[in-house]
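# Examination of the molecular architecture
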Amino acid sequence: MKSVAKRSCAAWALSSCLVLSSIFAVVAWAGEPQVLRIPIDEEPDSFNVARVSDYYSAMVASQVIEGLTGIVVRDGREVAVPACAESWETSEDGLTWTFRLREMKWADGEPLRASDFVYGISRVLDPATASPISGKVRFIKNAGEVLLGNKPLSELGLEAPDDRTLVVRLEHPVPYLLQSAAGTAMFPARRDVVEKFGDAYGTDADKVVGCGPFNLADWVHNSSLAFVKNPLYWDADNVKLD
């Protein structure tokens, strides 16, 4: 989602609006920061997207974490475009999808790896997570049996043969797979960060690391969320207000 600001900071004020200040535009605006305000009605539950299903959590999480694909509207239709995955291909029977990841980094400088997608999607399908969005990826091979506890996570149709290759195997052809690949149920996650914070993961600004266009800089609960531009984002030059 590349629609917010060049070198910017942002704040979602729950009672009022989202504020984005563009430092890049200081000269053009005669020293005045560029500001965008968008209303938001409720506090997001968490940035731990595997455990939440509310609209506001998904909305703010998509500013901080990015999926394999992104969604744009062209001629009135939603179209999947490359995001963390720079390309993909599918088998003739539509049951195997292979995604090639960009060389990119998490906001703390760690490389984004295909195994982060395996882990992130597996968390959603882990019965221990009790994820409310697991149904969105139930089409992955063996997902149903894993959710029922009949098969281990290791038998999910997910594989990372190397750091930049993700293989997703399906129970049946899924025509909307590329659209699903943009959703929170298929977001990557860092095992080390999740395990470090445990149940507190994603509940505060210092308890989440993203790979999207913005970093969560501050979260005053029931008041505001502040975001700063992620300089390590793969398409940082095109993150802008105009």
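Residues numbered from 1 in each chain as written. Predicted model: local features only at pLDDT ≥ 70, side-chain atom pairs only at ≥ 80, totals over all residues. Heavy atoms only, no water.

## Concerning the sheet that holds strand S7 (residues 96-101)
- Strand order in the open sheet formed by four strands is S6-S7-S9-S8, with antiparallel pairing between adjacent strands. Strands with a single pairing partner mark the edges of an open sheet, and in this sheet they are strand S6 (85-90) and strand S8 (158-162). Across the sheet, the axes of successive neighbouring strands diverge by a mean angle of 20°, strand direction being ignored.
- For S8 and strand S9 (residues 165-169), the ladder comprises three bridges, and the chain directions are antiparallel. What sits directly across from Glu159, in S9, is Val167.
- Each of S7, S8 and S9 touches helix H2 (residues 114-125); the most contacted strand, S8, lies at about 165° to it. (Pairing = 2+ DSSP bridges. Helix = DSSP H or I, 4+ residues; strand = E, 2+ residues; numbered from the N terminus. Axes fitted to C-alpha atoms, helices over the stretch in contact; angles between N-to-C directions. Contact = heavy atoms within 4.5 Å.)

## Quick look at unusual backbone geometry
- Non-glycine residue Ala130 carries a positive phi angle of around 55°.
- Note on placement: Ala130 falls in the loop between H2 and helix H3 (143-147).
- What makes Ala130 exposed here is its relative accessible area of 62%.
- Positive phi values are uncommon outside glycine, yet Asn142 reaches one of about 70°.
- Positionally, Asn142 belongs in the loop between H2 and H3. (Buried < 20%, exposed > 50% of the residue type's maximum accessible area, 1.4 Å probe, protein only.)

## So, H2
- For H2, spanning twelve residues, the distance from its first C-alpha to its last is 17 Å, which sits close to the expected 16 Å at 1.5 Å a residue.
- Counting buried positions along H2 gives eleven out of twelve residues, so the element sits mostly inside the fold.
- Buried residues along H2 sit against S7, H3, S8, S9 and helix H5 (191-197). (Expected span 1.5 Å × (residues − 1).)

## Quick notes on the pairing of strand S10 (residues 214-220)
- Relative to strand S11 (residues 224-229), S10 runs antiparallel, the two sharing six bridges. Counterpart to Asn215 in the pairing with S11 is Val228.
- Between S10 and S11, which pair antiparallel and follow one another directly, the connecting turn spans three residues, one of which, Asn222, has a positive phi of 65°.

## Observations concerning the pairing of S6
- Here S6 runs beside S7; their pairing, made up of five bridges, is antiparallel. Paired with Trp88 across the strands is Phe99, a residue of S7.
- In this antiparallel pair of consecutive strands, S6 and S7, the connection spans five residues, and Gly94 shows a positive phi of 75°.

## Looking at the pattern of salt bridges
- Per the stated rule, a full pass over the model turns up ten salt bridges.
- For the salt bridge of Glu103 with Arg164, the shortest nitrogen-to-oxygen distance reads 3.6 Å. Separated by 61 residues along the polypeptide, Glu103 in the loop between S7 and H2 and Arg164 in the loop between S8 and S9 bring together distant segments of the chain.
- Classification of Glu103 by relative accessible area gives exposed; the value is 71%.
- With its nearest N and O atoms 2.9 Å apart, the salt bridge here joins Arg190 to Asp108. Of this pair, Arg190 sits in the loop between helix H4 (177-180) and H5 while Asp108 sits in the loop between S7 and H2, and the two are 82 residues apart along the sequence.
- Taken together, the shared-partner salt bridges in this structure form one network comprising Glu86, Glu103 and Arg164. (Salt bridge = Lys/Arg side-chain N within 4 Å of Asp/Glu carboxyl O.)

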